[in-house]
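Structural characterization, general
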Amino acid sequence: MNLQLNPDGSLRHLLTLDGLPRTILTHILDTAESFMDVGEREVKKVPLLRGKSIFNLFFEPSTRTRTTFEIAAKRLSADVVNLNIATSSQTKGEAILDTVDNLAAMHADMFIVRHAQSGAAHFIARNVAPHISVVNAGDGRHSHPTQGLLDMFTIRRFKGEFHNLTVAIVGDVLHSRVARSQIHALTTLGVPEVRVIAPKTLLPTGVEQMGVKVYHDLEAGLHGCDVIITLRLQSERMKGALLPSAQEYFKFFGLTPAKLALAKPDAIVMHPGPMNRGVEIDSEVADGPQSVILPQVTYGIAVRMAVMAILAGGTTA
Amino acid sequence: MKIHIRNGRVIDPMNARDEVIDVFVVAGKIVGLGTPPADFHANRVIDASGLVVCPGLVDLSVRLREPGFEYRATLESEMLAAAAGGITSLACPPDTDPPLDEPGLVEMLKFRAKNLPGPRVYPIGALTQKLEGKLLTEMAELTEAGCRAFTQADAVPTDPQVLLRAMQYAATFGFSLWLRPQDLSLARDGVAHDGAVASRLGLPGIPALAETVALATILLLARETGARIHLARLSTREGIAMVRAAKAQGLAITCDVASTHVHLSENDLVSFDSHLHLVPPLRGLRDRDAIREALRDGSIDALCSDHTPVDEDVKQVPFGESAPGASGVELLLPLTLKWAREMGVPLIKAIDLISWKPAQILGVPGGNLSVGSCADICIFDEAAEWVATPKTLASQGDNTPFLNHSMQGQVRYTLIDGHIDFEFAH
């Protein structure tokens with residue numbers, strides 16, 4: 001049984017891009033396209049989700065993702081409640097299910113969930129009332145489907161097609177839910193070559209079974225790429241004996257103008273944010289002409305509007 | 001009490017017996033097979049037509065949760081559940097609260113268990129004080145109090161010097177050490193087998209190396225010290241190969257696996273069901289298949305339930321936060337039978353793995369149906385089908401990955417010391 005699909009194959013929850021059919025991915029991207037101009041209107045709102053209550057359930061702190069979900073929901077005219085559970089009831093020892101049940105009793109229609117544990121969104125989705133949809137806004141190392149989708153949206157906007165691309169994901173794939181979502185989306189959408197580039201300590205066991213080519217040398221891995229996605233490197237990785245220092249990481253895996261020059265001349269550079277300048281990416285690249293990092297953020301709103309609209313049953317702007 | 005078990009198919013691996021024959025029990029002993037002793041007048045006749053009569057099961061790992069975890073399960077509930085599973089003797093690990101590291105605690109547990117219906121309870125003592133892996137327990141005193149062996153529960157002492165000395169000390173007295181080969185440093189933060197599935201699901205991994213590195217240390221030290229070692233809960237193909245090789249070289253070791261690991265693998269984790277959060281973790285399909293084969297060829301000596309009842313609250317959380325373990329005393333028999341059916345293994349061989357073999361490892365009476373031995377007997381219907389649900393399971397822990405699964409093979413009677421401690425109510 002697929003938890004995130006209805007029996008008729010339509011989307012019930014958005015928990016992961018792993019196993020999601022290409023038609024659904026494309027439908028979300030097309031719907032997002034139709035929402036692109038809403039942000040440029042004088043009245044930045046459509047009434048699609050009027051009267052719906054959307055709860056941002058963040059068991060792990062986040063500003064950026066929560067804000068873009070909030071903006072997206074408000075542009076759809078939904079009522080949005082933000083709950084930073086990391087700093088409220090969880091510290092009082094309330095169980096997740098009690099929190100979820102309490103909010104359901106307040107007639108919630110949708111939960112946007114972020115949690116430090118892989119599988120948390122699945123867990124909540126399995127336990128919510130039938131009328132509530134769950135959107136995974138990041139669970140542990142597992143999945144961050146809306147980020148994966150907005151990255152696909154960005155690639156499609158700048159590159160048009162997927163079937164002729166070489167995409168490289170550089171950095172801490174091991175701990176990255178973003179990378180996993182990107183890999184599933186890219187392979188589903190027909191990208192013929194997806195590469196991951198990282199030291200052996202930052203790659204999950206058997207990552208090649210997700211359909212990627214593994215590189216440990218940045219220069220070799222970037223050669224001929226159309227899209228380069230750099231991942232954020234958390235400073236705690238140095239503590240777990242995974243890396244000696246941020247400096248050494250930057251020297252071998254940081255994206256500098258010289259390294260970028262090895263990719264195709266029209267390659268685009270992406271980053272899910274927030275960036276560590278001088279660790280995984282040089283400022284000159286981050287702010288340079290090939291960077292599409294800021295458009296990613298803008299597109300994120302349209303993509304999240306599309307996801308919420310589809311889950312709530314309405315899809316036109 | 002005189003009991004006549006009539007017309008059952010008696011399967012007794014120790015005596016290589018598999019035939020339809022009557023069994024006669026008097027005052028806790030088996031007094032006759034086929035023909036009753038003189039002056040035998042049964043108080044009770046059990047019609048075992050169409051049923052299998054075998055030695056009561058001996059389970060090498062059953063957590064009874066006392067002392068300290070009574071909210072998860074009680075001695076009463078779990079001993080009844082074990083009897084319902086056909087188990088007549090069980091070993092309980094020392095990871096209680098406080099741990100079983102003092103003779104007084106062991107005596108208390110034995111005393112409590114003795115006054116309750118259900119299996120014979122054999123405590124396994126803590127190898128180190130408070131299970132901290134630093135100071136040895138009073139193993140000789142604990143043995144006098146009733147401990148059958150010593151263990152560090154779910155790991156080996158992280159300090160190899162402590163392990164070496166524990167083996168030397170145990171070897172001095174001939175005590176047995178039960179060690180679960182898991183290197184805690186390599187397993188740190190992990191919740192699932194470090195393989196393609198955990199990578200995909202983003203679950204922190206426990207590599208097979210956590211088992212094999214610990215195993216290498218144990219085997220080297222065992223060779224050096226001559227300590228009696230039983231390896232508990234093997235989970236990897238490589239680990240099994242190491243044990244097989246060590247046995248071939250003449251090292252006197254035994255080992256067991258949990259019945260869950262005979263049937264499940266990492267592939268079952270895709271739903272993030274926390275009932276599949278087990279220690280050791282469910283490994284790859286090739287590991288599972290190696291376990292199934294090693295049970296057949298005798299490289300693995302015994303199957304146990306590794307019964308770990310927990311309350312639903314600690315399972316109703318995301319996978320990585322959930323308490324590991326599965327309840328299993330009532331599934332040991334059907335899961336063993338399932339393996340035997342699927343592998344084409346004769347029933348007598350399957351029963352050997354859960355009765356005579358573990359009785360020898362534990363060093364206790366039972367596990368056979370010889371005339372003169374104690375009347376610990378399990379009578380079951382090999383064909384009966386049932387569904388594992390909180391209603392059909394007597395254990396207080398409903399935490400099994402086999403919940404709502406169909407089972408084949410069901411216990412009808414459990415005799416312990418010649419008493420009918422469990423009788424199936426239709």
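Residues numbered from 1 in each chain as written. Chains lettered and ligands numbered in written order. Predicted model: local features only at pLDDT ≥ 70, side-chain atom pairs only at ≥ 80, totals over all residues.

**Quick look at the sheet that holds strand 8 (residues 57-59) of chain B**
Sheet strands associate in pairs through backbone hydrogen bonding, adopting either a parallel or an antiparallel arrangement. Residue and element names in this part refer to chain B. The strand order 8-9-10 describes an open sheet built from 3 strands, whose pairing is parallel. Edge positions in the sheet fall to strand 8 and strand 10 (120-123), since each has one partner strand and no second. Each strand of the sheet is rotated relative to its neighbour by a mean of 15°, with strand direction disregarded. By the bridge criterion, 3 bridges tie strand 8 to strand 9 (residues 87-92) in an arrangement that is parallel. The residue bridging valine 58 from the neighbouring strand is serine 89, located in strand 9. (Pairing = 2+ DSSP bridges. Helix = DSSP H or I, 4+ residues; strand = E, 2+ residues; numbered from the N terminus. Axes fitted to C-alpha atoms, helices over the stretch in contact; angles between N-to-C directions.)

**A closer look at the interface of chain B and chain A**
The interface of chain B with chain A comprises 17 residues on the first partner and 23 residues on the second. In terms of residue count, the dominant contributor to the side of chain B that touches chain A is helix 6 (residues 196-201) of chain B (4 residues). In terms of residue class, the side of chain B that touches chain A is made up of 7 nonpolar, 6 polar and 4 charged. (Contact = placed C-beta atoms within 7 Å. Nonpolar A, V, L, I, M, F, W, Y, C, P; charged D, E, K, R; others polar.)

**Examining the pairing of strand 20 (residues 406-416) of chain B**
On any regular strand, side chains alternate: one points to one face of the sheet, the next to the other face. All names here are of chain B. Most of strand 20 sits inside the fold, with 8 of its 11 residues counted as buried. Examined bridge by bridge, strand 19 (residues 377-387) and strand 20 share 8 bridges and lie antiparallel to one another. Considered in strand 20, the bridge of glutamate 385 is made with glutamine 408. Bridge analysis of strand 20 against strand 21 (residues 419-423) gives 4 bridges, and the strand direction is antiparallel. Bridging from a neighbouring strand, threonine 414 pairs with phenylalanine 422 of strand 21. Counted between consecutive antiparallel strands, the loop separating strand 20 from strand 21 contains 2 residues, among which aspartate 417 sits at a positive phi close to 55°. (Buried ≥ 20, exposed ≤ 12 C-beta atoms within 10 Å, placed from the backbone.)

**With respect to the pairing of strand 6 (residues 193-197) of chain A**
Residues and elements named next belong to chain A. By the criterion of burial, strand 6 is predominantly enclosed, with 4 of the 5 residues buried. Examined bridge by bridge, strand 5 (residues 166-170) and strand 6 share 5 bridges and lie parallel to one another. Residue pairing for strand 6: isoleucine 169 is matched across the bridge by valine 196. As for the winding sense of the linkage, the β-α-β connection from strand 5 through helix 6 (residues 177-188) to strand 6 is right-handed. Two strands pair when backbone bridges link them, and strand 6 and strand 7 (residues 213-215) are joined in this way by 3 bridges, in the parallel orientation. Considered in strand 7, the bridge of arginine 195 is made with lysine 213. (Right-handed = clockwise from strand over helix to strand, strands pointing away.)

**Some words on the domain arrangement of chain A**
All names here are of chain A. Structurally, chain A comprises domain 1 (22-144 + 297-312) and domain 2 (145-294). In this structure, domain 1 and domain 2 have C-alpha centres spaced 26 Å apart. Counting residues at the interface gives 23 residues for domain 1 and 22 residues for domain 2. At the level of elements, helix 1 (22-35), strand 4 (133-139) and helix 11 (293-312) are the ones that each hand at least two residues to the side of domain 1 that touches domain 2. No other element matches helix 11, which puts 7 residues into the side of domain 1 that touches domain 2. Class assignment of the residues belonging to the side of domain 1 that touches domain 2 gives a composition of 10 nonpolar, 8 polar and 5 charged. (Domains from an automatic or database assignment.)

**Quick look at the packing of helix 5 (residues 145-159) of chain A against helix 6 of chain A**
Residue and element names in this part refer to chain A. The N-to-C vectors of helix 5 and helix 6 enclose an angle of 50°; their axes lie 8 Å apart at closest approach. By the angle between their axes, helix 5 is oblique relative to helix 6. Here helix 5 and helix 6 pass one another in a crossing that is right-handed. Judged by residue contacts, Pro145, Gln147, Gly148, Leu149, Asp151 and Met152 of helix 5 engage Val178, Ser181, Gln182, His184 and Ala185 from helix 6. Taken together, the residues of the contact of helix 5 with helix 6 sort by class into 5 nonpolar, 5 polar and 1 charged. (Parallel < 35°, antiparallel > 145°, perpendicular 65-115°, else oblique. Left-handed = near helix turned anticlockwise from the far one by under 90°.)

**Description of the nonpolar core**
When a protein is soluble and globular, its nonpolar side chains tend to lie buried together. In terms of nonpolar packing, the biggest core is built from 229 residues, with Phe111(A), Ile124(A), Val170(A), Ile228(A), Met308(A) and Leu177(B) touching the most fellow members. In terms of residues, this core owes the most to one element, helix 11 of chain A, which gives 10 residues. Residues lining this core come from more than one domain, with at least three contributed by each of domain 1 (22-144 + 297-312) and domain 2 (145-294) of chain A. Leu177(B) has contacts with Leu127(B), Ala149(B), Phe150(B), Thr151(B), Ala166(B), Met167(B), Ala170(B), Ala227(B), Arg228(B) and Ile229(B), leaving out every residue within four places of it along the chain. (Core = buried A, V, L, I, M, F, W, Y, C linked by C-beta atoms within 7 Å.)

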